[in-house]
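# Close look at the chain arrangement
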Amino acid sequence: MSYRNITFFSRFESDILADRKTITIRDQSESHFQPGEILTVARNEDDQYFCHIRVNAVTPIHFDALNEQHAVQENMTLEELKSVIQTIYPGQNEFVVIDFTRLDVTGNVAATNS
Ligand SMILES: CC(=O)Nc1ccn([C@H]2C[C@H](O)[C@@H](CO)O2)c(=O)n1
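Residues numbered from 1 in each chain as written. Predicted model: local features only at pLDDT ≥ 70, side-chain atom pairs only at ≥ 80, totals over all residues. Heavy atoms only, no water.

## Regarding the UniProt feature "active site" (unreviewed entry) in the chain
To keep things clear, this is the line we draw: UniProt positions are given in the numbering used here, feature names are shortened, and annotations may be inferred rather than shown by experiment. Helix and strand definitions follow DSSP, with helices as H or I runs of at least four residues and strands as E runs of at least two, each counted in order from the N terminus. The contact criterion used throughout is that any non-hydrogen atoms of two residues lie within 4.5 Å. Each polar contact in these results corresponds to two N or O atoms within 3.5 Å; when the atoms are within protein, one needs to be able to donate a hydrogen and the other to accept it, and residues that are neighboring in sequence are counted only if both atoms are side-chain atoms. Burial status follows relative accessibility: with a 1.4 Å probe on protein chains alone, a residue under 20% of its type maximum counts as buried, one over 50% as exposed, and anything between as partly exposed.
In this numbering, the UniProt entry assigns the feature "active site" (unreviewed entry) to Lys21, Thr24 and Glu74. Considering the C-alpha atoms alone, the annotated residues occupy 54 residues of sequence yet fold into one spot, their largest mutual distance being 7.9 Å. Counting through the fold element by element, Thr24 comes out in strand E2 (residues 23-26). Filtering out sequence-adjacent residues up to four positions away, Thr24 remains in contact with Ile6, Phe8, Glu74, Val96, Val97, Ile98 and Phe100. For Thr24, the side chain forms a polar contact with the side chain of Arg26, separated by 2.8 Å. Secondary-structure assignment places Glu74 in the loop between helix H2 (68-73) and helix H3 (78-88). Among the residues examined, Glu74 registers a relative accessible area of 3% and is labelled buried. Residue contacts for Glu74: discarding those within four places in its chain leaves Arg20, Lys21, Ile23, Thr24, Ile25 and Leu81.

Here is the structure:
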């Protein structure tokens, strides 16, 4: 079976593998993912695979609607999150929140508390 790919900047890899980061906010070019879909996750910089995730939900959001809950799910402060998004996507306001669960190598939910 082949899965679609998503990449994350390498600085987020440890948070994803520790289940501290359970959403990602992307622009319209990555709004095509579907709930239930399993994605192969690689580092943006070197395309090195590091895990699979299952997409739980893909929800449109305006930049101004980002809140503390999103920041917690990103393991950042809201100020940090907004700054990261403005740096990656300068001038953009319409995004999607991709809520995901990390899977273990057998394809099962990896977190012990879920
Ligand atoms: C190619 C590309 O856009 N890659 C991205 C985009 C976003 N992220 C991270 C940064 C923040 O934690 C959230 C919100 O954008 O997602 C990323 O790692 N790689």
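## Looking at the UniProt feature "domain: ASCH" (unreviewed entry) in the chain
In the UniProt entry, the feature "domain: ASCH" (unreviewed entry) is given for residues 6-104. For residues 6-104, helix accounts for 22% and strand for 37%, while the C-alpha atoms at its two ends are 17 Å apart.

## Looking at the packing of aromatic side chains
Keep this limit in mind: Working definition: rings of Phe, Tyr and Trp (its six-membered ring) pair if their centres are within 6.5 Å, and the pair is stacked with planes under 30 degrees apart, edge-to-face with planes over 60 apart, and tilted otherwise. A ring is scored as having a charge over it whenever the NZ atom of a lysine or the CZ atom of an arginine sits within 6 Å of its centre and within 35 degrees of its normal.
Applying the stated criterion across every chain, the model contains two aromatic pairs. With 5.4 Å between their ring centres and 55° between their planes, Tyr89 and Phe95 make a pair best called tilted. Its guanidinium or amino end placed over the ring of Phe12, Lys21 lies 4.8 Å from that ring's centre, counting from NZ or CZ. One residue, Arg26, lies across the ring of Phe8, its end atom 4.6 Å from the ring centre.

## Thoughts on the pattern of salt bridges
We count it as follows: Only one rule defines a salt bridge in this text: a Lys or Arg side-chain nitrogen within 4 Å of an Asp or Glu carboxyl oxygen.
Within this structure, the stated rule accounts for seven salt bridges. Ionic pairing is found between Lys21 and Glu74, a salt bridge with its closest N-O pair at 2.2 Å. Of this pair, Lys21 sits in the loop between helix H1 (13-17) and E2 while Glu74 is found in the loop between H2 and H3, placing the two residues 53 residues apart along the sequence. Residue classification places Lys21 among the buried positions, given a relative accessible area of 2%. Of the charged contacts, one joins Asp46 and Arg43 as a salt bridge, the two residues approaching to 2.7 Å between their closest N and O atoms.

## A look at the pairing of strand E4 (residues 49-62)
Put simply, the rule is: Strand pairing is defined by DSSP finding a minimum of two bridges between the two strands.
In the sheet, strand E3 (residues 38-43) pairs with E4 via five bridges, with the strands oriented antiparallel. In the sheet register, Leu39 faces E4, and the bridge partner there is Ile53. Connecting E3 to the next strand, E4, in antiparallel fashion are five residues, including Asp47 with a positive phi near 60°.

## Quick notes on the nonpolar core
For soluble globular proteins, nonpolar side chains are generally found buried alongside one another. To be explicit about the condition: Definition used in this section: a nonpolar core is a set of buried Ala, Val, Leu, Ile, Met, Phe, Trp, Tyr and Cys residues joined via side-chain atoms within 4.5 Å.
By size, the foremost hydrophobic cluster in this structure holds 28 residues, and its most contacted members are Ile6, Phe8, Ile25, Ile53 and Ile85. The set of elements that each furnish at least two residues to this core consists of strand E1 (4-8), E2, E3, E4, H3 and strand E5 (94-103). Setting aside its immediate chain neighbours within four residues, Phe8 contacts Ile16, Lys21, Thr24, Arg26, Val41, Ala42, Arg43, Asn44, Glu45, Phe50, Ile53 and Phe100.

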